[in-house]
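Single-letter residue listing:
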Amino acid sequence: MIETHVHFNNETLERDLPGVLARATEAGVTDFVVVGFDEASSEKAVALAEKDTRIWAVVGVHPHDAKHWNAKIAERLRGWATHPRVLAIGEIGLDFYRDLSPRDLQYAAFRAQLELAREVNLPVVIHCRDAYDECLALLEAEAADIPLIIHCFAGDMRHAEICWKHGWFIGVDGPVTYKKNDALREIVKATPAELLLLETDAPYLSPEPFRGKFPNEPARLVYIKNTIADLRDTTPDALDTQTTANARRAFPKLLGNG
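Residues numbered from 1 in each chain as written. Predicted model: local features only at pLDDT ≥ 70, side-chain atom pairs only at ≥ 80, totals over all residues. Heavy atoms only, no water.

Novice: Hey, could you run me through the packing of helix α3 (residues 39-51) against helix α4 (residues 71-81) in this one?
Specialist: Relative orientation and spacing of two packed helices are given, respectively, by the angle between their axes and the distance between those axes. Two elements in contact, α3 and α4, have axes whose closest approach is 11 Å; the angle formed by their N-to-C orientations is 15°. Here α3 lies roughly parallel to α4, going by the angle between them. Of the two possible hands of crossing, α3 and α4 adopt the one that is left-handed. Every residue of α4 that contacts α3 at Glu39, Ser42, Glu43 and Val46 is listed here: Lys72, Ile73, Arg76, Leu77 and Trp80. The residue inventory of the contact of α3 with α4, partitioned by class, reads four nonpolar, one polar and four charged. (Axes fitted to C-alpha atoms, helices over the stretch in contact; angles between N-to-C directions. Helix = DSSP H or I, 4+ residues; strand = E, 2+ residues; numbered from the N terminus. Parallel < 35°, antiparallel > 145°, perpendicular 65-115°, else oblique. Left-handed = near helix turned anticlockwise from the far one by under 90°. Contact = heavy atoms within 4.5 Å. Nonpolar A, V, L, I, M, F, W, Y, C, P; charged D, E, K, R; others polar.)

Structure (structure tokens):
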């Protein structure tokens with residue numbers, strides 16, 4: 001399995017990284033995409049990727065931190081983007097649930113980083129919460145030419161259909177295992193096989209039977225995989241093969257494919 005969205009740059013996982021990696025390896029996870037959310041965490045993601053060939057980095061400024069976006073950060077991201085271990089720009093987007101940055105600044109940082117991704121020819125990892133109409137409208141209008149991964153998909157079926165139409169990848173996390181999340185399971189069941197990605201968002205979003213327990217970790221990716229396999233009436237091994245191939249297409253640099 002390839003873990004396509006994890007935060008080893010979060011101090012909770014960083015404190016026990018050797019143990020976290022050992023448990024994940026035992027569970028069958030071979031590669032880890034560590035995603036930045038601000039300048040410091042992006043720098044840490046790159047540093048981790050330089051030290052361990054199993055780890056890859058994504059760099060960007062999350063909408064929560066959009067208020068800190070400036071030219072200096074933009075130049076640092078541009079510099080990291082050429083690093084052979086950096087796969088994408090992210091996680092970037094809109095978050096109208098917490099609104100930790102003013103919405104106009106969220107839009108400004110989002111647009112600037114989309115343009116940067118276009119400039120450096122990298123895919124983008126999208127964070128969207130309580131803003132699917134606005135986020136997808138912007139992406140359709142301004143970023144249809146950029147390969148996209150919709151991290152931790154939480155929209156409705158109409159939003160999913162927009163993503164499928166454009167060939168955008170759908171990241172599926174622990175919430176697909178939650179008992180009352182039938183709507184998400186229907187979307188995951190209907191998603192084209194070639195657009196599914198496995199991710200945990202660890203240390204967040206622990207799947208059942210660990211829901212509510214912190215921290216989450218990549219070893220639990222197997223619970224997400226098994227749930228999706230059951231939903232789609234396939235085997236875990238077949239889903240593993242499919243989602244691994246998908247990850248390599250989503251991130252062309254991954255495993256030397258770009």
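Novice: Sorry, what's going on with the side chain of Asn246 here?
Specialist: Among the secondary structure elements, Asn246 is positioned in helix α10 (residues 236-250). Of the residues examined, Asn246 reaches a relative accessible area of 0% and is grouped as buried. At 2.9 Å, the side chain of Asn246 forms a polar contact with the side chain of Gln242. Sequence-distant contacts of Asn246, that is, excluding residues within four places in its chain, are made with Phe169, Ala193, Glu194, Leu195, Leu196 and Leu197. (Buried < 20%, exposed > 50% of the residue type's maximum accessible area, 1.4 Å probe, protein only. Polar contact = N/O pair within 3.5 Å; in protein donor to acceptor, adjacent residues only side chain to side chain.)

Novice: In this structure, what is going on with the packing of aromatic side chains? I would like to understand it.
Specialist: Where two aromatic rings form a pair, the distance of their centres and the angle of their planes describe that pair. Going through the model one piece at a time under the given rule, you end up with five aromatic pairs. For the ring pair Phe8 and Phe32, a centre distance of 5.5 Å and an interplane angle of 45° mean the geometry is tilted. Here Phe8 is found in the loop between β1 (2-6) and α1 (11-14), whereas its partner Phe32 is found in strand β2 (residues 31-35), with 24 residues between them in sequence. Phe8 sits in the buried class, given a relative accessible area of 0%. Look at Phe32 and you get buried, because its relative accessible area is 0%. The side chain of Arg103 reaches across the aromatic face of Phe96, ending 3.9 Å from its centre. The ring centre of Phe210 lies 4.0 Å from the NZ or CZ of Arg220, which sits over that ring. (Phe/Tyr/Trp six-rings, centres within 6.5 Å; stacked < 30°, edge-to-face > 60°. Lys NZ or Arg CZ within 6 Å of the ring centre and 35° of its normal.)

Novice: Before we go on, may I ask you to explain the environment of Leu100 in this structure?
Specialist: Residue placement: Leu100 occurs in the loop between β4 (86-95) and α5 (103-120). Once the C-alpha coordinates of Leu100 and Lys67 are considered, the two residues, 33 residues apart in sequence, prove to be 8.4 Å apart. Excluding residues that lie within four positions of it along the chain, Leu100 makes contacts with His64 and Lys67.

Novice: Sorry if this is basic, but what is going on with unusual backbone geometry here?
Specialist: If a residue is not glycine, its phi is most likely negative; likewise, a peptide bond is most likely trans. A cis geometry characterises the amide bond from Ala202 onward to Pro203, with omega recorded as 15°. Mapped onto the elements of the fold, Pro203 is located in the loop between β8 (196-198) and α9 (221-231). Between Glu208 and Pro209 the backbone carries a cis peptide bond, its omega angle lying at 10°. For Pro209, the location among the structural elements is in the loop between β8 and α9. For Leu205, which is not glycine, the phi dihedral falls at a positive 60°. Among the structural elements, Leu205 can be located in the loop between β8 and α9. Leu205 gets classed as partly exposed once you look at its relative accessible area, which sits at 28%. The backbone of Asp233 sits at a positive phi, close to 55°, despite the residue not being glycine. Within the secondary structure, Asp233 sits in the loop between α9 and α10. Residue class for Asp233 comes out exposed when judged on its relative accessible area of 74%.

Novice: I'm lost on α3 in this one. Help?
Specialist: Along an α-helix, residues three or four apart share an orientation, since each turn contains 3.6 residues. For α3, spanning 13 residues, the distance from its first C-alpha to its last is 19 Å, which sits close to the expected 18 Å at 1.5 Å a residue. Within the span of α3, buried status applies to Glu39, Ser41, Ser42, Ala45, Val46, Leu48 and Ala49. Of the surrounding secondary structure, the elements contacted by the buried residues of α3 are α2 (17-27), β2, β3 (55-59), α4 and β4. Where α3 begins, the side chain of Asp38 points an oxygen toward the backbone nitrogen of Ala40, at a separation of 3.4 Å. (Expected span 1.5 Å × (residues − 1).)

Novice: What is the right way to read the environment of Trp69 from this model?
Specialist: Position of Trp69 among the secondary structure elements: in the loop between β3 and α4. Sequence-wise, Trp69 and Ala112 are 43 residues apart; in three dimensions their C-alpha atoms are separated by 9.3 Å. Aside from chain neighbours lying at most four places away, what touches Trp69 is Val61, Ala74, Leu77, Ala109, Ala112 and Gln113.

Novice: Would you mind going over α9 with me for this structure?
Specialist: Inspection of α9 places Leu221, Ile224, Lys225, Thr227, Ile228 and Ala229 among the buried residues, and these make up the whole buried set. The elements touched by buried residues of α9 are β1, β7 (169-172), α8 (182-190), β8 and α10. Following α9 by one or two positions, Asp233 adopts a phi angle in the positive range, close to 55°.

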